[in-house]
Protein chains: 2
Amino acid sequence: MSTIYEVATLAGVSPATVSRVFNGHPVSPEKVSSVRAAAAQLHFTPNRSAKRLRTQSSELIALLIPDIENPFFTALARGVEDRAQEAGFSIVLCNTDDEPEKETRYLDIANSEDMAGVILAPAAEDGDISHLTDRGRPVVAVDRNTGLDIDSVMVDNRAAGTWATTALLDAGHRRIACIAGPLDLEDTEERGLGWRTTMRRRGEPGFESLLRHADYRVEGGRAAMNELLALREPPDAVVTTNNLMGVGALQALAAAGITPPEFGVAVVGELPFSTLPPEAITEVRLPARHLGITAASLLLDRIAGDTQPARTVVLRAELARRAAR
Amino acid sequence: MSTIYEVATLAGVSPATVSRVFNGHPVSPEKVSSVRAAAAQLHFTPNRSAKRLRTQSSELIALLIPDIENPFFTALARGVEDRAQEAGFSIVLCNTDDEPEKETRYLDIANSEDMAGVILAPAAEDGDISHLTDRGRPVVAVDRNTGLDIDSVMVDNRAAGTWATTALLDAGHRRIACIAGPLDLEDTEERGLGWRTTMRRRGEPGFESLLRHADYRVEGGRAAMNELLALREPPDAVVTTNNLMGVGALQALAAAGITPPEFGVAVVGELPFSTLPPEAITEVRLPARHLGITAASLLLDRIAGDTQPARTVVLRAELARRAAR
DNA sequence: GTGAAAGCGCTAACAA
DNA sequence: TTGTTAGCGCTTTCAC
């Protein structure tokens, strides 16, 4: 690796001038071109560690997500990446597995790497981000709330749960079960609440016994669905509060020889890579990519120096039958 | 952020001693504890940029994949991450979108960030990695071959294509189509070659007209399947050379009211999040996670100083009906 | 517009 | 075992 000094020597200028050329500071045209020529000849790439050490900042954004194998989060990541890219930032994707320790480790790394900011889909428990915020590094929460006073981008989870349930009621289903996520996650509570409120308002008796909690993963959804099917009075429809549990529920139904829409299925989220025929399933689509874009925009504002009070943006879900694709 | 100097002052030792404590070099027990106490009190975290600038190396591995939304690659990423984590390395995931420019940019970043090494699922065209290898930074290719003399981890693509085709023949299908990937990717050629060789050996007439090329994405698979279905003499089965095109093909079949296994479908790769009943589809499972683990292992060997000639590891695919899950 | 020089925080000789 | 010191490659005053 060549350094700024070698380029300077070759170009017949001082190191400072080379630096200026690479950072867009005013330099006379002749020197610019001789520096560029020298740099090209030496395959010079500025050393980012040195630059960061000196400037205490970088064009790197950390994105912490709980499950890289969940298409919802990869779509979100795409959104973040697209927006960040436009602004000249690169994103570093970190998979926390919903483990607070991993989350903490990555937050530490973001801090000690002098990253420009962090977008965080928080693990179940609230992490400590004070070492970042103390240094003026912005953090934006996405998809899940933190107890912290920071910008956040959420989905209207209550409405999503309500729509899913209402769609099944409208289709004539009555005993509508709900497979919800872990008890300690607020967004899950909200989606489950949408179901509960709707069912209560509808006055369906005994619906409370049709609630199950699982872990947001395929296996959890399948197990919960199997439990529900084994009930003395099984449901005739189910709402799942995320995409993967929807997949699990459908797998359980398929194994039991039950086919939607005979048995009603509504999923909060989009069924990933589904090969089911159109119109069989109700999806309440979450704007995953848009969540990412919005979070990135908020973060970029902060990086640019915006100091207004913390904002919360709530995006709407979109009710959709599975369309032919 | 506190520095090593402040910790040293508070602990009553020299900066070098603080550094030694944090890097596991021999220091007397009393000093170790006073340094640790001081560090804790100041919330000291070593500055990674400074460390990297000094040592010219880091515990960061870049993983470049062409499509973060393809579950095959996220599974691969999990494998890399798990193995790297064990060894104390963090991975930085970069999405190249199969665009050579993005790949180049990320390779440059990996270089100028002094990353310990790179695992690369190469975009279609061969990138230039000489600036990395010149500095002794190891690069390992995974899933796709490069023309370069570096370690690589591949799947036995030819066999995978052959198995998929044979399974359909064994199930009684005769006019077996093939939806293959882009023409310029070697692994695709290999998988397609497995199909072609098998069909030729079997002596089925006119099978060459049942070959289509698509872009490895869902939409491409769907379009190709629709084309095949519109043929005067449509096929009675199809092999797709990756997972997403398999999804697309199944979507097209579902839309046309055709159901496997009446129409034979064999997929090279695993159908992600499938809710189809067991036994309907043939999958030739690719060891995605294992590819990642192996690539990470090879890379870690190199990082540790291994200088043997470039190795190529070929992993076997696994023939499977969709099992009940 | 340009150069000289200091210093970001850390580690690794070298000395003691 | 410990401290002193130089320097990794860059940016940024401060002079000119």
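Residues numbered from 1 in each chain as written. Chains lettered and ligands numbered in written order. Predicted model: local features only at pLDDT ≥ 70, side-chain atom pairs only at ≥ 80, totals over all residues. Heavy atoms only, no water.

An unreviewed UniProt entry annotates chain A as LacI family DNA-binding transcriptional regulator originating from Herbiconiux moechotypicola.

**Q** Tell me what's going on with the environment of Ala77(B), and back it up with residues and numbers.
**A** Following the sequence through the fold, Ala77(B) ends up in helix α5 (residues 71-86). What makes Ala77(B) buried here is its relative accessible area of 2%. In this structure Ala77(B) touches Ile68(A), Leu63(B) and Leu93(B), once residues within four positions along its chain are discounted. (Helix = DSSP H or I, 4+ residues; strand = E, 2+ residues; numbered from the N terminus. Buried < 20%, exposed > 50% of the residue type's maximum accessible area, 1.4 Å probe, protein only. Contact = heavy atoms within 4.5 Å.)

**Q** Talk me through the domain arrangement of chain A; I want residue IDs and the actual numbers.
**A** Domain parsing of chain A yields domain 1 (4-46), domain 2 (55-155 + 288-316) and domain 3 (157-285). Taking only C-alpha atoms, the centre of domain 1 of chain A and the centre of domain 2 of chain A are 35 Å apart. (Domains from an automatic or database assignment.)

**Q** Quick rundown of the environment of Thr165(B)? Include the residues and the values.
**A** All names here are of chain B. Within the secondary structure layout, threonine 165 lies in helix α8 (residues 157-170). Using a relative accessible area of 0% as the deciding quantity, one classes threonine 165 as buried. It is 7.6 Å that separates the C-alpha atoms of threonine 165 and isoleucine 176, two residues lying 11 residues apart in sequence. The contact partners of threonine 165, leaving out residues within four places of it in the chain, are Ile176, Gly194, Trp195, Thr198, Met199 and Val239.

**Q** So what's going on with the protein's contact with DNA strand C? Residues and values would help.
**A** The immediate surroundings of DNA strand C are formed by 26 residues, with Thr17(A), Arg20(A), Ser28(A), Ile4(B) and Arg54(B) found nearest. Counting only atoms of DNA strand C within 4 Å of the protein, the fraction found in sugar and phosphate groups is 62%. One of the side-chain nitrogen or oxygen atoms of Asn23(B) is found 3.1 Å away from a phosphate oxygen of DNA strand C. A distance of 3.2 Å is found between a base nitrogen of DNA strand C and a backbone nitrogen or oxygen belonging to Ala50(B). Mapped onto the surface near DNA strand C, the elements with two or more residues apiece are α2 (15-23) and α4 (48-55) of chain A together with α1 (4-11), α2 (15-23) and α4 (48-55) of chain B. For the surface near DNA strand C, the class distribution of residues is 11 nonpolar, nine polar and six charged. (Near = heavy atom within 4 Å. Polar contact = N/O pair within 3.5 Å; in protein donor to acceptor, adjacent residues only side chain to side chain. Nonpolar A, V, L, I, M, F, W, Y, C, P; charged D, E, K, R; others polar.)

**Q** So what about the protein's contact with DNA strand D? Which residues, and what values?
**A** Residues in close proximity to DNA strand D total 25 residues, the closest being Ile4(A), Arg54(A), Thr17(B), Arg20(B) and Ser28(B). Backbone atoms, meaning sugar plus phosphate, form 59% of the atoms of DNA strand D positioned within 4 Å of the protein. Here a phosphate oxygen of DNA strand D and a backbone polar atom of Asn47(A) are 3.0 Å apart. Arg20(B) is positioned such that a nitrogen or oxygen atom in its side chain is 2.5 Å from a base oxygen of DNA strand D. Elements that contribute at least two residues to the surface near DNA strand D include exactly α1 (4-11), α2 and α4 of chain A together with α2 and α4 of chain B. Taken together, the residues that form the surface near DNA strand D break down as 10 nonpolar, nine polar and six charged.

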